[in-house]
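Geometric and topological summary
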Amino acid sequence: MAVKELRESPSLSSLYPKALLGSLRKSGGNTLPGTEFVREGVVVDPAHLAAYNQVCGFRLDDVLPATYPHILAFPLQMALMTEADFPFPLLGMVHVANRITQHRQLRLDETFTLRVRAEDLRPHEKGKQFDVVSELLVNDSPVWTDVSTYLRRGGGSGEKTSRGQLSQPTANAIWQVPGDIGRRYAEVSGDRNPIHLHPITAKAFGFPSAIAHGMWTKAHALAAFEGRLPEAFTVDVKFKQPVLLPAKAAFTTWSEGEGWAFELWNARKPKPHLEGSVVAL
């Protein structure tokens with residue numbers, strides 16, 4: 001695999017126009033690029049970490065939430081997926097799942113190496129899916145791994161899965177999700193996809209209103225487990241129906257093996273938003 005070393009984090013303000021151009025030029029393909037983006041000397045800004053924790057519901061601490069490094073990786077992910085040899089346009093892709101493995105606690109004062117690559121292009125019932133793998137390393141040893149699975153709709157050839165009648169579980173908590181959470185999360189994450197920012201821009205992409213970021217819902221769910229999480233664990237989620245803003249959502253958790261399972265539902269209708277698990281390593 002070819003390695004592309006970056007001295008600094010890519011500029012998101014330049015990558016979004018590039019993503020727009022890619023949506024006009026790219027039509028698909030059957031091969032992912034064999035390039036890994038690498039950035040050394042990655043450090044965390046304490047003020048940015050505090051802002052992220054506040055938006056997502058984590059307490060202020062010098063230990064990083066397991067979802068926070070996804071923010072550090074996001075510019076490299078964007079850079080990878082807007083390269084000319086990337087087969088799919090970034091706009092219009094659907095984030096369908098995310099799995100994060102934290103091998104140990106990560107601290108604010110550490111310096112990391114960040115690596116990002118794409119792999120495992122495979123069929124999906126609604127099109128094609130692939131993984132974007134991001135890793136943080138300390139002294140060449142992985143301490144954190146993030147696998148984000150994306151769907152490119154169209155020409156599906158995978159087998160369809162049967163779905164039974166949905167039954168909403170009893171909620172442990174009700175989330176009152178404000179209408180501006182997409183803009184607030186965009187400020188700390190850099191993910192300014194127009195579907196998250198305003199009803200008008202979301203309608204241009206077929207949504208009746210702005211929708212919450214999937215990684216915000218995952219982070220907010222993980223915050224509910226603070227104080228109970230082991231130092232090493234995997235938190236795995238599948239994103240279901242979008243959270244239309246503003247929203248009232250029902251959050252439920254239960255013990256399962258060496259960890260927990262959790263779900264987020266529309267509080268008014270039997271529509272699931274997210275399902276996930278936390279498993280100790």
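Structure: above.
Keep in mind that this is a model prediction, so the values were computed, not measured.

1. Some thoughts on the layout of surface pockets
Reported here for the second largest pocket is a volume of approximately 290 Å³. For the second largest pocket, the lining is made up of 17 residues, of which Arg59, Val63, Gln105, Glu226 and Leu229 are closest to its centre. Here the residues of the lining of the second largest pocket sort into nine nonpolar, four polar and four charged.

2. Side note on the side chain of Ser189
Along the chain, Ser189 turns up in helix H4 (residues 181-189). Assessed through its relative accessible area of 6%, Ser189 is described here as buried. A polar atom in the side chain of Ser189 sits 2.8 Å from the backbone oxygen of Tyr185. Not counting residues up to four positions away in its chain, the partners in contact with Ser189 are Ile71, Phe74 and His213.

3. Structural notes on the side chain of Gln102
Assignment of secondary structure puts Gln102 in strand S3 (residues 94-102). In this structure the side chain of Gln102 is engaged in a polar contact, spanning 2.9 Å, whose partner is the backbone oxygen of Glu231. Once residues lying within four places of it in the same chain are set aside, the contact partners of Gln102 are Leu64, Ala66, Val143, Pro230, Glu231, Ala232, Phe233 and Leu281.

4. A word on the pairing of strand S8 (residues 233-239)
In terms of residue burial, S8 counts as a mostly covered element, since five of its seven residues are buried. Relative to S8, S3 runs antiparallel, the two sharing six bridges. Across the sheet, residue Ile100 finds its bridge partner in S8, namely Val235. Of the pairings in the sheet, the one linking S8 to strand S11 (residues 272-280) comprises seven bridges and is antiparallel in character. Note on S11: the bridge partner recorded for Phe239 is Leu274.

5. Thoughts on unusual backbone geometry
The omega torsion across Leu245 and Pro246 is -10 degrees, close enough to zero to call that bond cis. When you line up the elements, Pro246 lands in the loop between S8 and strand S9 (247-256). Although it is not a glycine, Asn139 adopts a positive phi angle of roughly 55 degrees. Relative to the helices and strands, Asn139 resides in the loop between strand S5 (127-138) and strand S6 (141-153). On the basis of relative accessibility, which here comes to 73%, the residue Asn139 falls in the exposed class.

6. Observations regarding the pattern of salt bridges
Should the charged atoms of two oppositely charged side chains come close, the side chains can pair. Following the criterion strictly, the structure yields 14 salt bridges and no others. Here Arg117 ties to Glu135 by a salt bridge, and the two come within 3.3 Å at their closest N and O atoms. Highlighted residues: Arg117 in strand S4 (residues 112-124) and Glu135 in strand S5, separated in sequence by 18 residues. For the pair Arg117 and Glu135, a shared accessibility class is recorded, and that class is buried. Between Arg184 and Asp180 there is a salt bridge whose closest N-O contact spans 3.9 Å. The exposure class assigned to Asp180 is partly exposed, which follows from its relative accessible area of 30%. Here the salt bridges do not stand alone but share partners, grouping Glu36, Arg117, Glu119 and Glu135 into one network.

7. A few points about H4
Burial in H4 covers these residues: Ile181, Gly182, Tyr185, Ala186, Val188 and Ser189. In the core, the buried residues of H4 are packed alongside helix H2 (46-56), helix H3 (69-81), strand S7 (173-177) and helix H6 (214-223). Downstream of H4 by one or two residues, Gly190 has phi in the positive range, about 85 degrees.

Parameters at a glance
Residue positions are counted from 1 within each chain, in the order its sequence is given. For a predicted model such as this one, the threshold for reporting local features is a pLDDT of at least 70, and the threshold for listing and counting side-chain atom pairs is 80 or more; totals across whole chains, interfaces and linings nevertheless cover every residue. As a rule here, side-chain values come from all non-hydrogen atoms in the structure, and water together with hydrogens is ignored. Cavity: a set of points on a 1 Å grid over the protein atoms alone where a 1.4 Å probe fits but cannot get out. Pocket: an open set with protein on both sides within 12 Å along at least five of seven lines, its lining residues, like those of a cavity, having an atom within 4 Å of a point. Grid points are joined across faces, edges and corners, and a volume is the space filled by probe spheres set on the points. Three categories are distinguished: nonpolar for Ala, Val, Leu, Ile, Met, Phe, Trp, Tyr, Cys and Pro, charged for Asp, Glu, Lys and Arg, and polar for the others, with Gly belonging to the last. Only DSSP runs of H or I covering at least 4 residues are called helices, and only runs of E covering at least 2 are called strands; the numbering of each starts at the N terminus. Any residue under 20% of the maximum accessible area for its type is buried, any over 50% is exposed, and the rest in between are partly exposed; the area is computed with a 1.4 Å probe on protein chains only. Pairs of N or O atoms within 3.5 Å make up the polar contacts considered here, provided that, within protein, one atom can donate a hydrogen while the other can accept it, and that residues adjacent in sequence are counted only when both atoms are side-chain atoms. Contacts are assigned to residue pairs with any non-hydrogen atoms lying within 4.5 Å of each other. Two strands form a pair only when DSSP identifies at least two bridges running between them. We count a salt bridge whenever a side-chain nitrogen from Lys or Arg sits within 4 Å of a carboxyl oxygen from Asp or Glu.

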